[in-house]
Amino acid sequence: MMPTILAIESSCDDTSAAVIKDGKICANIVATQAVHEKYGGVVPELASRAHEQNIIPVVSQALLTANITKSDLNAVAFTRGPGLLGALLVGCSFAKSLALGLHIPLIEVNHMQAHILAHFIDDPKPTFPFLCLTVSGGHTQIVLVKDYLQMEILGQTSDDAVGEAFDKSAKLLGLPYPGGPMLDKLAQTGNPDKYSFPIVNMPGYDFSFSGIKTAILNFIKNNTTQNPDFISQNLPDICASIQQALILTLMKKLVLAAQETNIKEIAIAGGVSANSGLRRTIQEYAKIYSWNTYIPAFEYCTDNAAMVAINAHYKFLAGEFSNQYASPDPRLKMSF
Ligand code: KG4
Ligand code: ZN
């Protein structure tokens, strides 16, 4: 049976609902929460409240766009974690109630696995086994993807995620939230070789991004004592140089993992895979190392329910369902 599934994503600051029918996405509605802008970062309490307000309109819109009604659904899916507890609770409670009310199965999805499975929404699709560099605001991982639901984390960050490093760097430069996309935009007209920022080499396939903040703070202090306008005068070059250091840190470990596993199918996923520098660099490396690379469409890079829906589709086919005791797990690990 090819199921019709409603999927809900509420792990951070996007309330999203998607419908998947026979493995094809027919709706993907995302309500991004603007309320956090003036605080310079996501405020968990406000995120939960905004999810509570958005969830019914977003779900209604998804059903309308897919041209179906609740009675057409074969299952309801939700993001169990990782993410913010209060935010996850909204999606979990809603999905559970709807599934119970409709007497249909409930499916829980791991947010990081969903980012990776976003590659199976459109063509071209990677072939197993492949490596996925999963880079978001909360995670930085190199994942060995053996099958749809069989994944192994080879390496990860020991402190900050790379998206966090983008956002914190942008904040130190005085850029508004969310800083990552803004830093990317400014970097496009800058010279990445103008300034040098540290490329930290951790053991194995692990990463560390916490040092970049101190490096930027020192850089700002050293350069603004003589010229208080140094930052504003050199902003594109500074952004391009920071972005390059972050990208090269990622690429170093990705190359190592590809060489040691002898895998040439390479994907990127998560919010930071929207970064234009990373997208370009991975294509350049593909030529050098003869990789087949997979880069998600922009709409499937940052948080969305379509990726939860495709993940739920494969879980449905595998018969992996949850029950009425399902609850969020803010620190949910990848299942193997
Ligand atoms: O996957 P995502 O939407 O949410 C999490 O699961 O964390 O990722 C959000 C992260 C943020 O840190 C954001 O700044 C970063 O992805 N991001 C970018 C870009 N677009 C989003 N970072 C760099 N360049 C971009 N173009
Ligand atoms: Zn995410």
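Throughout, a residue's number is its position along its own chain's written sequence, starting from 1. Chains carry letters and ligands carry numbers; both start at the beginning, A for chains and 1 for ligands, and go up in the order they are written. For a predicted model such as this one, the threshold for reporting local features is a pLDDT of at least 70, and the threshold for listing and counting side-chain atom pairs is 80 or more; totals across whole chains, interfaces and linings nevertheless cover every residue. To get the side-chain values, take all heavy atoms of the structure and skip hydrogens and water.

S.K.: Teacher, can you tell me more about the layout of surface pockets here?
M.R.: The method is simple in principle: a probe with the dimensions of a water molecule rolls over the atoms, and the space it marks as empty is what remains. The calculated volume of the largest pocket comes to roughly 1400 Å³. The definitions used throughout rest on a 1 Å grid laid over the protein atoms alone, on which a cavity is an enclosed set of points accommodating a 1.4 Å probe that cannot get out and a pocket is an open set flanked by protein within 12 Å on both sides along at least five of seven lines; lining residues are those having an atom within 4 Å of a point. If you go around the largest pocket, you meet 45 residues; those closest to its centre are C12, D13, G137, D167 and Y177. When contributions to the lining of the largest pocket are tallied by element, the ones reaching two or more residues are α3 (111-117), α4 (162-172) and α5 (179-187). Considering each element in turn, the lining of the largest pocket owes the most residues, six residues, to α4. Grid points are joined across faces, edges and corners, and a volume is the space filled by probe spheres set on the points. Secondary structure elements are taken from DSSP: a helix is a run of H or I of four residues or more, a strand is a run of E of two residues or more, and numbering for both begins at the N terminus.

S.K.: Sorry, what's going on with the sheet that holds strand β8 (residues 150-156) here?
M.R.: Working definition: the strands of a sheet are paired by backbone hydrogen bonds and lie parallel or antiparallel to each other. Two strands qualify as a pair provided DSSP detects at least 2 bridges between them. In spatial order, the strands read β8-β7-β6-β9-β10; together these five strands make up an open sheet with mixed pairing. Either end of the sheet is taken by a strand with one partner, and the two such strands are β8 and β10 (292-294). Strand-to-strand twist of the sheet, defined as the mean angle between neighbouring strand axes without regard to direction, takes the value 25 degrees. We call two residues contacting when some pair of their heavy atoms lies within 4.5 Å. Each axis is a line fitted through C-alpha atoms, and for a helix only the stretch in contact is used; angles between axes span 0 to 180 degrees, taken between their N-to-C directions. Where helix α7 (residues 230-261) meets the sheet, its contacts fall on β6 (130-135), β7 (140-147), β8 and β9 (265-269), and the angle it forms with β6 comes to roughly 160 degrees. Along the sheet face, helix α8 (residues 276-289) touches β6, β9 and β10 and points at about 175 degrees away from the line of β9.

S.K.: Sorry if this is basic, but what is going on with the environment of V272 here?
M.R.: Positionally, V272 belongs in the loop between β9 and α8. For the pair V272 and S93, spaced 179 residues apart in sequence, the C-alpha to C-alpha distance is 29 Å. Once residues within four sequence positions are removed from consideration, V272 is found in contact with V135, S136, V162, G163, F166 and L278.

S.K.: Just to check I follow, could you spell out the coordination of the zinc ion (ligand 2) for this structure?
M.R.: Around the zinc ion (ligand 2), the donor atoms from the protein are H111 (NE2), H115 (NE2) and D303 (OD), and they sit 2.0 to 2.2 Å away. Water is not part of the atom set, so a site may look incomplete; the donors themselves are N, O and S atoms within 2.8 Å of the metal, or 3.2 Å for Na, K and Ca. The motif formed by the donor residues of the zinc ion (ligand 2), counted along the single chain, is H-x3-H-x187-D. Of this pair, H111 and H115 both sit in helix α3, separated by four residues, roughly a single helical turn. Buried residues are those whose accessible area, probed at 1.4 Å on protein chains only, stays under 20% of the maximum for their type, while exposed residues exceed 50% and partly exposed ones sit between those limits. Take H111: its relative accessible area is 5%, and that puts it in the buried class.

S.K.: Can you help me understand the site of ligand 1 in this one?
M.R.: Taken together, 17 residues lie around ligand 1, and G137, D167, D184, G271 and N275 are the ones closest in. In protein, a polar contact means a hydrogen-donor-capable atom and an acceptor-capable atom, both N or O and within 3.5 Å, with residues adjacent in sequence counting only if both atoms are side-chain atoms; elsewhere, any N or O pair within 3.5 Å suffices. The separation between an oxygen atom of ligand 1 and a polar main-chain atom of G138 is 3.4 Å. One of the side-chain nitrogen or oxygen atoms of D167 is found 2.5 Å away from an oxygen atom of ligand 1. Accessibility throughout is a Shrake-Rupley quantity obtained with a 1.4 Å probe, and a residue counts as covered only by protein chains that appear here. Expressed as a share of its isolated accessible area of 560 Å², the protein-covered part of ligand 1 is 87%. Just a note on the criterion: a molecule sits in a pocket or cavity if more than half of its atoms are within 2 Å of the grid points. The cavity that encloses ligand 1 is the largest pocket. The criterion for a residue being near a molecule or strand is simple. One of its heavy atoms has to lie within 4 Å of it.

S.K.: Explain helix α2 (residues 85-102) to me, please; I cannot follow it from the model alone.
M.R.: Residue pairs spaced three or four apart in an α-helix point in one direction, given the helix's 3.6 residues per turn. The span expected for a helix works out to 1.5 Å for each residue beyond the first. Spanning 18 residues, α2 covers 26 Å between terminal C-alpha atoms, matching the ideal 26 Å at 1.5 Å per step. By the burial criterion, the buried members of α2 are A87, L88, V90, G91, C92, F94, A95, L98 and A99. Considering only its buried residues, α2 is in contact with β1 (4-9), α1 (44-65), β4 (75-81) and β5 (106-110). Looking one or two residues beyond α2, the residue adopting positive phi is H103, at roughly 55 degrees.

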